[in-house]
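The lines below spell out each chain.
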Amino acid sequence: MKLDEFRKIVRSEFGEGLAHATPANVREFLDRMESDVIPERFSNRIVLNEPCNTYEEVIRDFFAQILEMPSDEAIVALWTLSLYLAFSAIESQYADRFAALFQDTE
C-alpha cells in the first residue's frame, strides 16, 4: 500500500489529527487493515512457519524484514504497529481504572 493511500484511509477513519481515534475504533481499524493485507485465499487458514525460537529472535527478524521492505510499506507497517502499541496501553490504563471502580470491597 502506498503511503498517500494509507494517509487518506487513516484520515477518513479518524479525522484530521486522529481526533476521533479511540481504543475501540483503533482496534477495529487495525483488524480491517490486517484482513485487507492478507489475501482472501488465506483468510480461513493460518500457517505458522516461524524459524525463530525466542521473542528476541522474532523481534530481530521483524525489524530486519522491515529494513528490506519498500519505504511506503515499511512506514505503514511501523505506523500501524505503533498505533496498536499506543492504544493498547491506553486501553490497559482504562481497564485498570474501571476495575478499581467495580472492585468488591468486602
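Here the structure is a predicted model, which means the values were calculated and not measured.

About the criteria used
- Residues numbered from 1 in each chain as written.
- Predicted model: local features only at pLDDT ≥ 70, side-chain atom pairs only at ≥ 80, totals over all residues.
- Heavy atoms only, no water.
- Helix = DSSP H or I, 4+ residues; strand = E, 2+ residues; numbered from the N terminus.
- Contact = heavy atoms within 4.5 Å.
- Buried < 20%, exposed > 50% of the residue type's maximum accessible area, 1.4 Å probe, protein only.
- Polar contact = N/O pair within 3.5 Å; in protein donor to acceptor, adjacent residues only side chain to side chain.
- Phe/Tyr/Trp six-rings, centres within 6.5 Å; stacked < 30°, edge-to-face > 60°.
- Expected span 1.5 Å × (residues − 1).
- Arc of directions from axis to C-beta.

Looking at the secondary structure, you find T80 in helix α4 (residues 71-101). Spatially, the C-alpha atom of T80 lies 7.1 Å from that of L30, the residues being 50 residues apart in sequence. Excluding residues that lie within four positions of it along the chain, T80 makes contacts with F6 and L30.

Classification of T80 as buried rests on a relative accessible area of 16%. Within the structure, the side chain of T80 is placed 3.1 Å from the backbone oxygen of A77, a separation counted as a polar contact.

Moving on: the packing of aromatic side chains. Summed over the entire model, instances satisfying the criterion amount to 4 aromatic pairs. Look at F6 and F29: their rings are 6.5 Å apart centre to centre, the planes differ by 45°, and that puts the pair in the tilted class. Here F6 is found in helix α1 (residues 3-14), whereas its partner F29 is found in helix α2 (residues 23-37), with 23 residues between them in sequence. The pair formed by F6 and F29 is uniform in burial state, with each residue classed as buried. When the centroid spacing of 5.1 Å and the interplanar angle of 70° are considered together, the rings of F14 and F29 count as edge-to-face. Within this pair, whereas F14 is found in helix α1, its partner F29 is found in helix α2, the two being separated by 15 residues in sequence. A relative accessible area of 0% means that F14 is categorised as buried. An aromatic cluster is present here, built from F6, F14, F29 and W79 joined pairwise through their rings.

For α1, built from 12 residues, the straight-helix expectation of 16 Å at 1.5 Å per residue is met to within 8% by its first-to-last C-alpha distance of 16 Å. Among the residues of α1, L3, F6, V10 and F14 are the ones counted as buried. Seen from one end, α1 has its buried residues packed into an arc of 60°, which puts them on one side. Opposite its buried face, α1 presents the exposed residues D4, K8 and S12, each directed more than 90 degrees away. Positive phi appears at G15, one or two residues downstream of α1, with a value of about 85°.

Attention shifts here to the environment of M1. Within the secondary structure, M1 sits in the segment before α1. On the accessibility criterion, M1 (37% relative accessible area) is partly exposed. For the pair M1 and D72, spaced 71 residues apart in sequence, the C-alpha to C-alpha distance is 6.9 Å. Those residues in contact with M1 that sit more than four places away from it in its chain are F6, I9, M33, D72, E73 and V76.

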